[in-house]
Amino acid sequence: MHAANSNSSKPQPLNSWQRIGLFGGVYSNYLALEALLDDAKRRGVQSLYCLGDLGAFGPFPNRVCQILRETRIPIVQGNYDNSIGNGLADCQCGYTDARDNYFAKLSYDYTFRHTSSDNKAWLQKLSPAIRIEIGRYRILLCHGSPRKMSEFLWETTTSDAFLNWLFQKYDADIIVGTHTGLHWHREIAPGKHFINCGAIGRPPNDGQTTVVYRHRAGT
Ligand SMILES: [Fe+2]
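Residue numbering note: each chain is counted from 1, following its sequence as written. With the structure being a predicted model, the display of local features is reserved for residues of pLDDT at least 70 and the display and counting of side-chain atom pairs for 80 or more, all residues being used for whole-chain, interface and lining totals.

Is there a simple way to think about the pairing of strand β2 (residues 20-23) in this case?
Regular strands show a simple pattern: their side chains alternate between the two faces of the sheet. Strands pair, by our definition, only if DSSP identifies at least two bridges between them. Numbering goes from the N terminus for both helices and strands, where a helix is a DSSP run of H or I of at least four residues and a strand is a run of E of at least two. In this structure, β2 lies alongside strand β3 (residues 47-50), joined through four bridges in parallel fashion. Note on β3: the bridge partner recorded for Ile 20 is Ser 47. Handedness of the β-α-β unit built from β2, helix α1 (residues 30-42) and β3 comes out right-handed. A crossover gets the label right-handed when its path from the first strand over the helix to the second runs clockwise, viewed with the strands pointing away from the viewer.

Put into structure tokens, the structure is as follows:
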């Protein structure tokens, strides 16, 4: 279990008129990452944040590391990054099905073998959480949940009471994660939002082969 150690990082205040972009679950899909970066530029996004899980599934894990290292986008460490960076035996993905674990292990071993030592050292040092402030909003960026890097927060099984507990315990108005790879958003009270920003590197388990991300106009 990896706590997001959210109280140790100083929030980064942003201008309230900034347009920000949040993404995670790159999964070695450097083509999707390049497309997202181009689109963010076109839309005038001033600050981008990556919520982790850079490797897995795709064939060229170093390419995603290289792009993100060059862009210097702040990155939250995902379970995959933590495992690869620390040389662990598996991805800590949290699957419970034997078949899922079988394929996850194949993918993990491949990714581990094809990630350079330099990129492993870089992944190992990524932060488990990032705090930013926009206007009056205290925003906590994590991977699974603020309390556990590999926690699955599904839309259908996450209660308002639990989210409220997270907002209070971690001093946040908005919490953003990725890990499950499925986008969802809930405002449990005025100004209190939980957002899963989805994953850009894999389809959202919808039977399609295309990856997606969403954008919305701010207020
Ligand atoms: Fe993850």
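More follows now that the structure is in view.
Where do I start with α1 in this structure?
Within an α-helix, residues lying three or four positions from one another point in the same direction, as the helix has 3.6 residues per turn. To estimate how far a helix should reach, multiply one less than its number of residues by 1.5 Å. Taking 1.5 Å per residue as the helical rise, α1 with its 13 residues ought to reach 18 Å, and the 18 Å between its terminal C-alpha atoms agrees with that figure. Each residue is classified by how many other C-beta atoms fall within 10 Å of its C-beta atom, where C-beta atoms are placed from the backbone; a count of 20 or more means buried, 12 or fewer means exposed, and values in between mean partly exposed. Here α1 has its buried residues at Tyr 30, Ala 32, Leu 33, Leu 36 and Ala 40. One side of α1 holds all its buried residues, which, seen down the axis, span an arc of 155°. Facing away from the buried surface of α1 by more than 90 degrees, the exposed residues are Asp 38, Lys 41 and Arg 42. Elements that come into contact with the buried residues of α1 comprise β2, β3 and α2 (61-71). Just past α1, the residue Gly 44 takes up positive phi, approximately 75°. As used here, the arc belongs to the directions running from the helix axis to the C-beta atoms. The contact rule is simple: place each C-beta atom from the backbone, and if two of them lie within 7 Å, those residues are in contact.

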